[in-house]
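Here is what each chain is made of, one letter per residue.
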Amino acid sequence: MTLSPARVPGTGPGSGPAVRRLTATLYGYAFLDDFVLLYPVYALLFSDTGLTVWQISSLFCLWSLTGVLLEIPSGAWADAVSRRLLLWFGPLLTAAGFTLWVLAPSYWAFALGFVLWGAKGALGSGALEALVYEELDRLGAADRYGAVMGRARAAGLVAVMAAMPLTGPVYAFGGYPAVGLASVLACLLTAATATRFPEHREPAGAAKDVDACREGPGDGTGEGLGDTVSDTPGDGWARTLRAGLAEARGNRSVRGALLLVPAVTAVWGALDEYTPLLVRDTGVAESAVPNWLLLIWAGATVGGLLAGAGRRLGTGGFAGLLAVSAVALAAGAWVRTPAGIGLVALAFCGFQLASVLADARLQDRISGTGRATLTSVAGVGTDLTTIAVYGAYGVIGSATTHGAAFALFAVPYLVTAVVLAVVGKGAGEKRTGGRRAARAARTSGSRARP
């Protein structure tokens, strides 16, 4: 019995109110999820509370490690239960964490808040992508997944840019409590929006049990039925985890797509945290730094919006996109002038587009029931690579300029581009050889006929 939702007859890509409802809910969810006024000032809150730089850094590590530890279990949970439930529950955890921060500011309150925030991220990672892909697939619009998720990421970046100018007036009016209250309200609105997600699927464990009940032994008295449905929720969670990991082990294309996601996403995602330092190194005034950061984020926003057109890129085109973006990053960072920030923005545009396309490739290759599980596996790879980049940047950035460090981190993208180009060329030659063999067989067959 398949657990994938049945396609709705008579629907096509982009048609019908069902697709519009799904995408409108997704864009609203993505916007509200990042419309958090605490984002620009939470580091200042930590510092004003008396935390040292080492303590602040330890909080960031705790945040990342929470996501690493919970990512795969939560992905398997999302395959075993309602994904919409996790998307609704997650923002409530963040709201509780932000409340702790402003009502009882201290190191341990901040630490607990980051644990809750990391848990929220783990609950949503995998669950959101799996829900959106399968709902689009049910409506016959799976080919729109890349464009839809690209716009969703763009909506999140627009929310960050919209929150920045509002933070100052709100802080001037009521300080950190007012900023925290606004952030909590955004979390609550995000949770409310999540309840509007459509979800036409049975939890994996429940569906398997129902199927077994239909096929299992029974004499009409219900004895066989009672034995079959006695599985616990934990059994369903373990089953979906095993199914997802088994697909990754047995399918080379899925493994390749899993590795591509962190290879594309992690480095530039980590470098984003250091862009204020890069901009300041160009010599612009402190007050002008946010304006140049808006240029970089605008580039990433455009990259998300280009995802629909980018779906037509083959493996060679994808490799070219990474190579051009890497060169733009290295050149823009190395010159250490404000004009170079425009090239960095172009690079972030390309990396955002590549990140969306890598996620779409992964979703297209998953065929089993462990979609959220496998997406979470990719998320763990991204988190671990991001932590490694943080550590490497700490060493490199201390020994050289931020421009030189950014330029050096363009190298992994060039390596990935070369690997993809080689793989794409090999696959193309294999397809060409197969077509030639097929033509030769047809020709030989026609000659052999009397």
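Here the structure is a predicted model, which means the values were calculated and not measured. (Residues numbered from 1 in each chain as written. Predicted model: local features only at pLDDT ≥ 70, side-chain atom pairs only at ≥ 80, totals over all residues. Heavy atoms only, no water.)

A separate point is unusual backbone geometry. Unusually for a residue other than glycine, R336 sits at a positive phi of about 55 degrees. Locating R336 in the fold gives a position in the loop between α15 (315-335) and α16 (338-365). (Helix = DSSP H or I, 4+ residues; strand = E, 2+ residues; numbered from the N terminus.)

What follows is about the packing of α15 against α16. Their axes nearest at 8 Å, the elements α15 and α16 cross at an angle of 150 degrees. With respect to each other, α15 and α16 are oriented roughly antiparallel. Of the two elements, α15 crosses α16, and the hand of that crossing is left-handed. Broken down by class, the residue content of the contact of α15 with α16 amounts to 19 nonpolar, five polar and one charged. (Axes fitted to C-alpha atoms, helices over the stretch in contact; angles between N-to-C directions. Parallel < 35°, antiparallel > 145°, perpendicular 65-115°, else oblique. Left-handed = near helix turned anticlockwise from the far one by under 90°. Nonpolar A, V, L, I, M, F, W, Y, C, P; charged D, E, K, R; others polar.)

Turning our eyes to something else, we now look at the pattern of salt bridges. Per the counting criterion, the structure on display carries three salt bridges. Here D33 ties to K120 by a salt bridge, and the two come within 2.7 Å at their closest N and O atoms. Taken together, the residues span a long stretch of sequence, with D33 in helix α1 (residues 17-34) and K120 in helix α5 (residues 107-124) at a distance of 87 residues. Taking the relative accessible area as the measure of exposure, K120 reaches 12% and is therefore buried. (Salt bridge = Lys/Arg side-chain N within 4 Å of Asp/Glu carboxyl O. Buried < 20%, exposed > 50% of the residue type's maximum accessible area, 1.4 Å probe, protein only.)

On the surface, L408, V411, V415, V419 and V423 cluster together into a nonpolar patch covering about 420 Å² of accessible area. Tracing the sequence through the fold places V415 in helix α19 (residues 411-448). (Patch = residues over 30% accessible without salt bridge, like charges linked within 9 Å, V, L, I, M, F, W, Y side chains within 5 Å. Areas by Shrake-Rupley, 256 points an atom, 1.4 Å probe, with all protein chains shown as cover.)

This part is about the side chain of Q363. For Q363, the position within the fold is in helix α16. For Q363, a relative accessible area of 0% puts it in the buried group. Aside from chain neighbours lying at most four places away, what touches Q363 is E129, Y133, Y145, R371 and T375. (Contact = heavy atoms within 4.5 Å.)

Counting through the fold element by element, A162 comes out in helix α7 (residues 145-194). As a C-alpha pair, A162 and D34 span 128 residues in sequence and 9.7 Å in three-dimensional space.

A word on the packing of aromatic side chains. In this structure the tally under the stated criterion is 24 aromatic pairs. Consider the rings of Y29 and F197, whose centres lie 5.5 Å apart with planes at 65 degrees: the pair is edge-to-face. Here F197 lies in the loop between α7 and α8 (204-215) and Y29 lies in helix α1, a separation of 168 residues in the sequence. The residues Y29 and F197 share a single accessibility class, namely buried. Ring centres of W101 and F110 lie 6.0 Å apart, and the angle between their planes is 85 degrees; on these two criteria the pair is classed as edge-to-face. One exposure class covers both W101 and F110, and it is buried. In this structure an aromatic cluster arises from ring pairing among Y39, F46, W63, F98, W101, F110, F114 and W117. (Phe/Tyr/Trp six-rings, centres within 6.5 Å; stacked < 30°, edge-to-face > 60°.)

Glancing now at the confidence of the model for the protein chain. Confidence along the protein chain averages 79 in pLDDT terms, with 78% of residues attaining 70 or more. A low-confidence stretch, residues 205-233 (pLDDT under 50), is modelled with 18 contacts involving residues beyond four sequence positions or located in other chains. The low-confidence segment residues 446-450, where pLDDT is below 50, has zero contacts with residues more than four positions distant or belonging to other chains. (pLDDT = per-residue confidence, 0-100.)

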